[in-house]
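These are the residues of each chain, in order.
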Amino acid sequence: MAYKIRHFFTSTKMKKALNFTILFFISIFTFSQTIPVNIRFIDINKNPIIGASVKLINRNDSTKILYNLTDTSGIVRFYPKLGQYTIKSTSIGYKYFEKGITINNKNISFEFIMQDDANALATVTVVAQKPLVSQEDDITIIDPEPIANSSTSAYEIIEKTPGLFLDQDGNIYISSTSPATVYINGREQKMSSSDIATILKTLPPNSIQKIEILRTPSAKFDASSSGGIVNVILKKGVKIGRNGSLNTGMNQGRFGNQLVGLNLTNNDGNRSSYFNVNYTNRNSYDQIETTRKLSSENVLDQQSYSTTPAQIFYSGYGLSFDVNKKWNLSLDGRGTYNGNKSDSENENIIKNLGTNNVFSNNLNTVQNNSSGLILNQGLSTKYKIDTIGSELTSDFSYNYFSNGTTQNFNTKFIIPAQDALGGNGDIETQRQSFIGQIDLKYKTFQQIILETGIKSSNLFFGNVTKYFTNVGSQQSIDLSRTNTFDYQEMIHAGYVQGSKSFNKVLIKLGTRIENTNMYGHQRIPRDTTFKINRTDFFPYVYVSRTLAKIAGYDLTSYLIYRRSITRPVYDYLNPSPRYIDQYLYEAGNPTLKPQFTQNFEANISVDNRPIFAFGRNYTQDIFTNVIYQNPSNPSVAYRTYDNLGKNQETYFRILGAIPPGKTYFFVVGTQYNRNKYEGFYQNKPLTFDKASWTVFTFHQLKINKNSSLTMNGFLRLKGQLQFYELSNFGSLNLSFNRSFMDKKLLFTLSANDVFFTNNNQFLINQGSISANGFRKSDTRRLGFNIRYNFGIKKKENQNNMMNFENLENNSK
């Protein structure tokens, strides 16, 4: 081991990497071109002023004027020459601001306070200009407000967001065919996709402030995010005064969903807080039909239908206050109780293809009664080191998940006729995680940003499953389904990265190191203890450059490289067989290796709005869900995970839009993905080369100042899910929005999946497995939402489309 480490640090590749890093940081301190200037505007409560119009005027030549708008951090950036300037800034709800400044090598970052203007708020009536999609460095920001009005949960908002795709199992996809990692308030949720989907379905639609999409996360973020990161940021008390909203709604498909919720916020300047509570009653169905070849003559037909009614109670709170001018402390927590029942029927028929003679026919029924409790508690701090943006932050969180399920099952044998087989089971699951993170960001007057941090994630997972079968009056333990196991996962990480602006070029370099420790111990039905301990490095490179101006808008290009990892979870590793039905069981693979992905992407944005991206992923030791057929009994198959070889994925994305603020605006885009697998499957060479297209769009038409129509949807052509080939499918959603009572009351009528096209056929032909089928669920729904806003608050700064000069003159 020591020899390998010495060889790594003395290798030619390592020397080149060190030389490049040294040259980069030397160039940081020696580069002498014009340095960009950052100017930040805040209100009296230190909140950023978003969308303020700012002019920078040269005092020696007043014809030389630079113009820009502040971003979501209240920052505006210019590239002037050294000298004396006058700053002029206006924003709805604030008094006109003017001040002289001197820009030299030491003064390149400024922060100013704009005073409230109650008179301006009382006389100006404007319309919203907030973009639905915007870009800030390597983060795409989604404003959920236009979508929230026609949604019943955060899950539906993500489902309708242009460029995001959710499969029927709750996985979220961004650019690649690898699922994205989900964060809430910047914290990773150490849960399965179905558990995360449950949490998102409990979050009220108006509780989300924004959604951050990180297609290629930097070294600051966990390396286990090959599919990118979706970070859901919840609203806090950001408006002065006591405010709140009451919302209720329902939608109806084959089954109905109903919700009611209350949201309260308070902000007195140095302290802000929020509290929300929500109740949801949901039900849906899932229908799957499958035909699998058992031999050249016989097939297995399976028809499954299940319903999943649930009642969900959600509550969340947050408190943030300034200890002093430099220290800020925040507390937030969430609690979810989920009580659900599910019923499913699965008919299995084995028949001859030529004669249609039935050899076997049985009916499986399963009833589940479950109750789950999810608790999340977080504590974060921020210390402002200086006035130019240097800060020390920390974040600590505890997450608790507990679920208990009672299951009753029965198999009725029709052909050949025999006694029914029944039984019951009890499943108890408990998961706890502790996560701690400390980050340091240090800015210099030379526009250098240095970042470093450490993080520790600790997961403890336990499961006790007991199954019993009943034959007549006799009950016995079912060893094929009974199991007990414990699992621990500890990941310790550190990172360092630095960035430097050279005129209109920004370069960011970083690396991350992660030490992974996994320990799994199954006690029943047999000992399958395994341990994994490994350390890996993950480099990151980011370059952006402002290319030109088109019609007054900046055209910016980005180049990004990163390395990431996908680790197998416990279920993928545990070799003990798990019974699904008499024709299918599943088992983990303890020899499964993690897969590593190298991602290269180039993209372009106009006025901080992404319009084009091209990328390629190279994945080694890719593992995926595979099905093997029992050679001695072809009617039985087992499902597991295996490393199949390597995968090359190529993708590109095009996005176009009409900016918001006028009567009509839209966002439309398309994404292309092509996957090429090369490896071995069932000891035979494997080649799988498939491509798919996705088209997505969002439209909004303002009928008048109180009414609007929205339409959004997607269409996926020649879709794929691992080795499954999917037919074309998509969804079209419509909504009508109307406000009353001076915009305090909002009514929305919505129709989801209008043409009932969000269902698909599937096909798999790999190795000895040949199957096809169809899947659909309760996606077509008609419903309404009502939201009433109350409290004493300022009118919102909703528009910046008004002419700068007129606004400046009126302010004077």
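What counts, and where the lines are drawn
- Residues numbered from 1 in each chain as written.
- Predicted model: local features only at pLDDT ≥ 70, side-chain atom pairs only at ≥ 80, totals over all residues.
- Heavy atoms only, no water.
- Pairing = 2+ DSSP bridges.
- Helix = DSSP H or I, 4+ residues; strand = E, 2+ residues; numbered from the N terminus.
- Axes fitted to C-alpha atoms, helices over the stretch in contact; angles between N-to-C directions.
- Core = buried A, V, L, I, M, F, W, Y, C linked by side-chain atoms within 4.5 Å.
- Buried < 20%, exposed > 50% of the residue type's maximum accessible area, 1.4 Å probe, protein only.
- Contact = heavy atoms within 4.5 Å.
- Salt bridge = Lys/Arg side-chain N within 4 Å of Asp/Glu carboxyl O.
- Patch = residues over 30% accessible without salt bridge, like charges linked within 9 Å, V, L, I, M, F, W, Y side chains within 5 Å.
- Areas by Shrake-Rupley, 256 points an atom, 1.4 Å probe, with all protein chains shown as cover.
- Lys, Arg positive; Asp, Glu negative; His and termini not counted.
- Charge placed at Lys NZ, Arg CZ, Asp CG, Glu CD.
- pLDDT = per-residue confidence, 0-100.
- Phe/Tyr/Trp six-rings, centres within 6.5 Å; stacked < 30°, edge-to-face > 60°.
- Lys NZ or Arg CZ within 6 Å of the ring centre and 35° of its normal.

1. Looking at the sheet that holds strand E2 (residues 53–58)
In step 1: Spatially, E3-E2-E5-E6 is the arrangement adopted by the 4 strands of the open sheet, whose pairing is antiparallel. This sheet does not close on itself; its edge strands, each paired only once, are strand E3 (65–69) and strand E6 (97–103). Here the average twist between neighbouring strands, direction ignored, is 20 degrees.
In step 2: Summarising the sheet, strand E5 (residues 83–90) and E6 pair through 7 bridges and their orientation is antiparallel. Directly across from Gln84, in E6, lies its bridge partner Thr102.

2. Notes on the nonpolar core
In step 1: Formed by 42 residues in total, the largest nonpolar core has its most connected members in Ile158, Leu200 and Ile211.
In step 2: Apart from residues no more than four positions distant in its own chain, Leu200 is found in contact with Ser153, Ala154, Tyr155, Ile158, Ile172 and Val232.
In step 3: Counting 19 residues, the second-largest nonpolar core is a separate cluster that includes Val37, Val76, Phe112 and Met114.

3. Structural notes on the pattern of salt bridges
In step 1: Taken as a whole and judged by the stated rule, the model has 20 salt bridges.
In step 2: Across the pair Lys160 and Glu156 runs a salt bridge, and its minimum N-O distance is 3.8 Å. Here Lys160 pairs with Glu156, and both are found in helix H5 (residues 154–160), just 4 residues apart, close to one helical turn.
In step 3: Using a relative accessible area of 6% as the deciding quantity, one classes Lys160 as buried.
In step 4: Note that Arg512 and Asp222 form a salt bridge whose closest N and O atoms lie 3.1 Å from each other. Separated by 290 residues along the polypeptide, Arg512 in strand E29 (residues 505–524) and Asp222 in the loop between strand E14 (208–214) and strand E15 (229–234) bring together distant segments of the chain. Asp222 shares its class with Arg512; the two are buried.
In step 5: Taken together, the salt bridges that share partners define one network made up of Asp222, Lys455, Arg512, Glu514 and Arg567.

4. Structural notes on a positive patch on the surface
In step 1: Positive charge collects at one region of the surface, where Lys46, Lys325, Lys382 and Lys384 lie side by side.
In step 2: Along the chain, the position of Lys382 falls in strand E23 (residues 358–384).

5. Digging into the confidence of the model for the chain
In step 1: Taken residue by residue, the chain gives an average pLDDT of 82. The fraction at 70 or more is 88%.
In step 2: Segment residues 120–128: pLDDT under 50, and 17 contacts once partners within four positions in sequence are set aside and those in other chains are kept.
In step 3: Below pLDDT 50 for its whole length, residues 793–812 participates in 46 contacts with residues either more than four positions away or in separate chains.

6. Digging into the side chain of Thr694
In step 1: Along the chain, Thr694 turns up in strand E38 (residues 684–704).
In step 2: With residues up to four places along the chain from it excluded, the contact list for Thr694 reads Gly669, Thr670, Gln671, Leu715 and Arg716.

7. Remarks on the environment of Ser605
In step 1: Along the chain, the position of Ser605 falls in strand E34 (residues 595–606).
In step 2: Residue Ser605 is classed as buried on the basis of its relative accessible area, which comes to 2%.
In step 3: C-alpha separation for the pair Ser605 and Asp554, spaced 51 residues apart in sequence, amounts to 8.1 Å.

8. Structural notes on the pairing of strand E26 (residues 448–471)
In step 1: The sheet contact formed by strand E25 (residues 421–443) and E26 spans 22 bridges and is antiparallel. Pairing of Leu440 across the sheet is with Thr452, part of E26.
In step 2: Where E25 hands over to E26, the hairpin turn is made up of 4 residues, of which Gln447 adopts a positive phi near 60 degrees.
In step 3: Looking at chain direction, E26 and strand E28 (residues 483–502) are connected through 18 bridges and run antiparallel. Bridging across to E28, Gly462 finds its partner in Asp486.
In step 4: If you look at the hairpin formed by E26 and strand E27 (residues 474–477), you'll find 2 residues sitting between the two strands, and Gly472 has a positive phi there, around 65 degrees.

9. Regarding unusual backbone geometry
In step 1: Going from Ile415 to Pro416, the amide bond is cis rather than trans, its omega being -15 degrees.
In step 2: The phi torsion at Asn356 lies on the positive side, around 65 degrees, for a residue other than glycine.
In step 3: Among the structural elements, Asn356 can be located in the loop between strand E22 (327–352) and E23.
In step 4: We note that Lys743 has phi near 65 degrees; this positive angle belongs to a residue other than glycine.

10. Describing the packing of aromatic side chains
In step 1: All chains considered together, the criterion is met by 32 aromatic pairs.
In step 2: Here the aromatic rings of Phe714 and Phe729 are separated by 6.1 Å at their centres, their planes lie at 85 degrees, and the arrangement is edge-to-face. Pair noted here: Phe714 is in strand E39 (residues 707–717) and Phe729 is in strand E42 (residues 729–740), with a separation of 15 residues, a long-range link. The pair formed by Phe714 and Phe729 is uniform in burial state, with each residue classed as buried.
In step 3: Centre to centre, the rings of Tyr788 and Phe790 are 6.3 Å apart; their planes meet at 25 degrees, and the pair counts as stacked.
In step 4: Classification of Tyr788 by relative accessible area gives partly exposed; the value is 29%.
In step 5: Phe790 sits in the partly exposed class, given a relative accessible area of 30%.
In step 6: Following the ring pairs from residue to residue traces out a cluster consisting of Phe41, Phe97, Phe110 and Phe112.
In step 7: The ring of Phe321 carries Arg271 above its face, with NZ or CZ at 5.6 Å from the centroid.

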